[in-house]
Amino acid sequence: MYDLTGFQRDLLYVIAGEDEPHGLAIKEELEQYYEKEIHHGRLYPNLDTLVDKGLVEKGRRDRRTNFYTLTRRGRRELEARRDWEGQYVEL
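Starting from 1, residues in each chain are numbered consecutively following that chain's sequence as written. Selection of residues for local features in this predicted model requires a pLDDT of at least 70, selection of side-chain atom pairs for listing and counting requires 80 or more, and totals for whole chains, interfaces and linings are taken over all residues. Hydrogens and waters are ignored; side-chain quantities use all the structure's heavy atoms.

For the protein, the name recorded in an unreviewed UniProt entry is Transcriptional regulator PadR family protein, with Natronorubrum tibetense GA33 as its organism.

Laid out in structure tokens, this is it:
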């Protein structure tokens, strides 16, 4: 997780919180959070990076729509991040 950008970490959190979200659903969720438009040229290369790193799997729903899920490694990395954060932030 240390080598990911904040945007890539946010992508992991959104994917973890949804059931096989497609790219546009992820985009819409992040646009609500960031309160600005997320361009396709930012979204999809970062999703591909997470796939290449083995943190996310990309599946095909139909010819035009892909969906994304966390891999076991992706879930472990998120859990480790939450544990690390918990050492410093108590809510």
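Alright, that's what it looks like, and here's the rest.
1. As for the overall build of the protein
Broken down by element type, the protein carries four helices and two strands. The helix count covers DSSP runs of H or I at least four residues long, the strand count covers runs of E at least two residues long, and both are numbered beginning at the N terminus. Moving toward the C terminus, one meets the helices and strands of the protein in the order α-α-α-β-β-α. Whereas a compact globule of 91 residues would reach a radius of gyration of roughly 12 Å, the protein reaches 13 Å, a difference of no more than 12%. Taking the principal axes of its C-alpha atoms as reference, the protein extends roughly 45 × 30 × 25 Å. The classification of residues rests on relative accessible area computed with a 1.4 Å probe and restricted to protein chains. Under 20% of the type maximum is buried, over 50% is exposed, and intermediate values are partly exposed. Within the protein, the fraction of its 91 residues that count as buried is 33%. Intrachain contacts of the protein at a sequence separation of at least 6 include 48% that bridge at least 24 residues. This radius of gyration counts C-alpha atoms alone. The globule rule is 2.2 Å times how many residues there are, raised to the power 0.38. Contacts were defined at the residue level, with two residues in contact if any of their heavy atoms lie within 4.5 Å.

2. Remarks on the pairing of strand 2 (residues 66-70)
Most of strand 2 sits out of view: four of its five residues are buried. As paired elements, strand 1 (residues 56-60) and strand 2 share five bridges and run antiparallel to each other. Counted as the bridge partner of arginine 60 is asparagine 66 from strand 2. Following DSSP output, two strands are said to pair if at least two bridges run between them. Where strand 1 folds back on strand 2, the antiparallel hairpin that results is connected by five residues.

3. Some words on a nonpolar patch on the surface
Patches in this entry comprise residues that are over 30% relatively accessible and not in a salt bridge; like charges within 9 Å are linked, as are nonpolar side chains (Val, Leu, Ile, Met, Phe, Trp, Tyr) within 5 Å. To be clear on the numbers: accessible area is Shrake-Rupley with a 1.4 Å probe, and residue cover counts the displayed protein chains and nothing else. Within this document, salt bridges are pairs made up of a side-chain nitrogen of Lys or Arg and a carboxyl oxygen of Asp or Glu, the two lying within 4 Å of each other. Judged by side-chain polarity, Trp84, Tyr88, Val89 and Leu91 come together as a nonpolar surface patch covering roughly 560 Å² of accessible area. Summarising the element assignment, valine 89 is placed in the segment after helix 4 (72-86). We classify valine 89 as partly exposed; its relative accessible area is 48%.

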